[in-house]
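Now for the letters of each chain:
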Amino acid sequence: MAGGDFQAQGPLSDRELQVIELVAAGLTNQEIAEKLEISKRTVDNHISNILTKTETENRVALVRWALQWGKVCLDDVNCCPLPNVNVNKEATSG
């Protein structure tokens, strides 16, 4: 990932955000195509555009980027701001 303040080279479309969520969920391009009722080639193009816009090199880097910038929610991580309460540091480190 390039630069700490970097979010994306261009705006991500709603469809691209949907694709990112499905990539983060572990779906293959074929599974994403079936779920969104589009062709696999269209998914391939979306992934390529997303990787370019986010300056990431692969799916793992893309998911890391999406988590960092709050674009996806995985197992209640990055889903919403944490309440202002004291939390056990061991439980939150990781």
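Above this text sits the structure in question.
Bear in mind that the values here come from a model prediction, so they are computed numbers and not experimental data.

## Description of the overall build of the protein
Okay, so step 1: The number of helices and strands found in the protein is five helices and zero strands.
Okay, so step 2: In the protein, the succession of helices and strands from N to C terminus is α-α-α-α-α.
Okay, so step 3: Going through the 94 residues of the protein one by one, you find that 29% of them count as buried.
Okay, so step 4: Put simply, 57% of the contacts in the protein that link residues at least 6 apart link residues at least 24 apart.
Okay, so step 5: Counting every atom, the protein has about 6,600 Å² of accessible surface; 48% of that belongs to carbon and sulfur.

## A word on helix 3 (residues 40–54)
Okay, so step 1: With 15 residues, helix 3 ought to run about 21 Å at 1.5 Å a step, and its terminal C-alpha atoms sit 21 Å apart, in line with that.
Okay, so step 2: Here helix 3 has its buried residues at Val43, His46, Ile47, Ile50, Leu51 and Thr54. End-on, the buried residues of helix 3 take up no more than an arc of 130°, which puts them together on one face.
Okay, so step 3: Buried residues along helix 3 sit against helix 1 (14–24), helix 2 (29–36) and helix 4 (59–68).
Okay, so step 4: Among the residues trailing helix 3, Glu55 stands out with phi positive, at a value near 55°.

## As for the side chain of His46
Okay, so step 1: Within the fold, His46 resides in helix 3.
Okay, so step 2: Assessed through its relative accessible area of 17%, His46 is described here as buried.
Okay, so step 3: Sequence-distant contacts of His46, that is, excluding residues within four places in its chain, are made with Arg15, Glu16, Val19 and Ile38.

## Some thoughts on the nonpolar core
Okay, so step 1: Ranked by size, the top nonpolar core spans 19 residues in total, and within it Val19, Ile20, Val23, Ile32, Ile47, Leu62 and Trp65 carry the most contacts.
Okay, so step 2: Of all the elements in the fold, those that place two or more residues in this core are helix 1, helix 2, helix 3 and helix 4.
Okay, so step 3: For this core, the element with the most residues is helix 1, which contributes five residues.
Okay, so step 4: Excluding anything up to four places from it in sequence, Ile32 contacts Val19, Leu22, Val23, Leu27, Val43 and Arg59.

## Remarks on the packing of helix 1 against helix 2
Okay, so step 1: One way to put it is that helix 1 packs onto helix 2 with a least axis distance of 10 Å and a crossing angle of 130°. Between helix 1 and helix 2, the angle falls in the class oblique. Crossing of helix 1 over helix 2 shows right-handed handedness. Packed against helix 1, whose contacting residues are Arg15, Gln18, Val19, Leu22 and Val23, the element helix 2 presents Ile32, Lys35 and Leu36 at the interface.

Basis of the calculations
- Residues numbered from 1 in each chain as written.
- Predicted model: local features only at pLDDT ≥ 70, side-chain atom pairs only at ≥ 80, totals over all residues.
- Heavy atoms only, no water.
- Helix = DSSP H or I, 4+ residues; strand = E, 2+ residues; numbered from the N terminus.
- Buried < 20%, exposed > 50% of the residue type's maximum accessible area, 1.4 Å probe, protein only.
- Contact = heavy atoms within 4.5 Å.
- Areas by Shrake-Rupley, 256 points an atom, 1.4 Å probe, with all protein chains shown as cover.
- Expected span 1.5 Å × (residues − 1).
- Arc of directions from axis to C-beta.
- Core = buried A, V, L, I, M, F, W, Y, C linked by side-chain atoms within 4.5 Å.
- Axes fitted to C-alpha atoms, helices over the stretch in contact; angles between N-to-C directions.
- Parallel < 35°, antiparallel > 145°, perpendicular 65-115°, else oblique.
- Left-handed = near helix turned anticlockwise from the far one by under 90°.

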